[in-house]
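A structural walkthrough
Spelled out, the chains give:
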Amino acid sequence: MEPVFVILIGCAAALAGLVVGFFVRKSIAEKKIGSAEEQSKRILEDAIKDAENSKKEALISAKEEIFQMKKDADFDVKERRKEVSRLERRVTQKEETLDAKLEGIEKKEAALAEKHAQADKLKEQIDDTLKSQTAMLERIAGLTAEQAKAELISKLDSELAHETALKISEYEEQFRDEADVKARDILSLAIQRCAADLVSEVAISVVQIPGDEMKGRIIGREGRNIRTIENLTGVELIIDDTPDVITVSGFDPVRREIARIALEKLIADGRIHPARIEEMVEKAKREVDNAIKQAGDKAVFEAGVHGLHPELIKLLGRMKYRTSYGQNALRHSIEVSLLAGVIADELGADVTMARRAGLLHDIGKAVTAEAEGSHVQLGVEIATKYRENKDIIHAIAAHHNDTEPTSVLDYIIQAADAISAARPGARREDVENYIKRLQKLEEVAGDFEGVEKTFAIQAGREVRIMVKPDMIDDDKMKILARDIAKKIEGELDYPGQIKVSVIRESRCVDYAK
């Protein structure tokens, strides 16, 4: 029983301890809660006091700011009132000025109205006077005003046309007196404008090089290489800023071809020095000589001409490198030879002589770069030197009318030469552009009043205009010709000059019955 009793006593003691501890903790907690509430009340009271102080300060600051804004607004109002007062004074002054001006304008308008009334009265009086004078003049002249005006205009037109025609004739005579001087000026100007293009066409060849470094090698140390080439070939080398190109310049086409071939060989070989240059120039000369001989032999064979002197054949071959208006001289000679043979065959003339004369008619062009004189004179000298037939020599001399043609052979060579040169595409101007130029010429001449028909003839060197005789009289013809010539000068591009011929024809037809 004792252990149970001890346990019960222990449990009772523990329970008593718990109850005592509970009340002790409760007492301590209540004390802490009481102190916390007092602290919170103090904090709340301090916060209320701070808030009331801040509120008072904010109210004081707001009142001060409102007072300052009111003060600034009052100042602005005063300033604006002053400005408004000033503007009002200015407006009042302007109104007074405008009133004064309006009063002056009204006075002037009244004066002007009075003057207009007086002017209207004067105009009526003048009109009445003019009408009475016109009626009196019409009675005296027996014509109405419109009839008199038409007659006066007709008379003035006639006198003006006559005076204009006289002036044109006077100016034409004056121009004829100055024709030589004007012609020299025009020719010199034309030569200056066309010389560069012509020289570029017939006197230069272009050699392509792999790079600009090659230019320095061709020039050589102190220019010794380029001098050697120029001395050996007789041409001029132009080495400028044009990339990858050297220009060979010279009037002798054979020398220019030799220089071109030699340069190409030197560039391909890569070794460029005076000794190598001499070797390559000699090789180029041999190649060109062989090409000339082959070209001459081929031309003679193609034309069917036999028995020519070897030097003549060589000269024919040199023409391979000669051009005229873009047409190869050797090809042109072969064409003339073949055409002359066909024409001679149709006419029953000597075909062999015609072919021979046609092949040799331009032989002088082979030496024009070396000798003085025209290619006709040089051709006659060459044919005489190699003892050609006198009829062939005369045909060469007459193919450009330097000598009067006297035989059938002369006329055959002239015709064959003209046909070869005039063939569309043979020379620079093609047939399409040629036809367009003629059409444009006719259109320009046909735009004038009184023109009935226009005809472009002589390959565009002349335009003939048929006019209506009832609209264009003899005096107006001169004026029309002058006006058409001026329009052609202003609107068309053409070589040389164009002759303007105006034709007026009157016909009277009747029948006997």
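Reference entry: report on the structure contained in this document. The structure presented is a predicted model; accordingly, all values stated were derived computationally and were not measured.

A separate point is empty space enclosed by the protein. All chains considered together, the criterion is met by one cavity of 30 Å³ or more. Taken together, the residues of the lining of the largest cavity sort by class into four nonpolar, one polar and two charged.

Our focus in this paragraph is helix α10 (residues 351-360). Along α10, seven of the 10 residues are buried, which leaves the element largely enclosed by surrounding structure. Backbone nitrogen of T352 and a side-chain oxygen of the N-cap are separated by 3.1 Å at the start of α10; the cap is D350.

Here the focus is the pattern of salt bridges. A complete count under the given rule lists 16 salt bridges for this structure. In this structure, E257 and R260 form a salt bridge, with 2.5 Å as the shortest nitrogen-oxygen distance. Residue E257 and its partner R260 are located together in helix α6 (residues 253-269), separated by three residues, close to a single helical turn. Among the salt bridges present, the one from K487 reaches D447, with a minimum N-O distance of 3.2 Å. Taken as a pair, K487 in helix α15 (residues 474-491) and D447 in the loop between α14 (431-446) and β6 (451-457) lie far apart in primary sequence, 40 residues in all. Each of D269, R271, R276, E279 and K283 takes part in a single network of salt bridges with overlapping partners.

Here β6 pairs with strand β7 (residues 462-467) via six bridges, running antiparallel. Following the sheet pairing, F455 is matched in β7 by R464. If you look at the hairpin formed by β6 and β7, you'll find four residues sitting between the two strands, and Q458 has a positive phi there, around 55°.

Time to look at the pairing of strand β3 (residues 245-249). Among the five residues that make up β3, five are buried, leaving the element largely enclosed by the rest of the structure. Relative to β3, strand β1 (residues 204-208) runs antiparallel, the two being bridged by five bridges. Following the sheet pairing, S205 is matched in β3 by V248. For strand β2 (residues 236-238) and β3, the ladder comprises three bridges, and the chain directions are antiparallel. Following the sheet pairing, I238 is matched in β3 by T247. Connecting β2 to the antiparallel partner β3 that follows it, the hairpin turn spans six residues, and D244 within it adopts a positive phi of roughly 60°.

The next thing to look at is the side chain of R276. Along the chain, R276 turns up in helix α7 (residues 274-303). The class for R276 is buried, based on a relative accessible area of 12%. A distance of 3.1 Å separates the side chain of R276 from the side chain of E279, its partner in a polar contact. Those residues in contact with R276 that lie beyond four places of it in its chain are L266, D269 and R271.

Conventions adopted
Residues numbered from 1 in each chain as written. Predicted model: local features only at pLDDT ≥ 70, side-chain atom pairs only at ≥ 80, totals over all residues. Heavy atoms only, no water. 1 Å grid on protein atoms, 1.4 Å probe; cavity = no way out; pocket = protein on both sides within 12 Å on 5 of 7 lines; lining within 4 Å. Points joined across faces, edges and corners; volume = space filled by probe spheres on them. Nonpolar A, V, L, I, M, F, W, Y, C, P; charged D, E, K, R; others polar. Buried < 20%, exposed > 50% of the residue type's maximum accessible area, 1.4 Å probe, protein only. Helix = DSSP H or I, 4+ residues; strand = E, 2+ residues; numbered from the N terminus. Polar contact = N/O pair within 3.5 Å; in protein donor to acceptor, adjacent residues only side chain to side chain. Salt bridge = Lys/Arg side-chain N within 4 Å of Asp/Glu carboxyl O. Pairing = 2+ DSSP bridges. Contact = heavy atoms within 4.5 Å.

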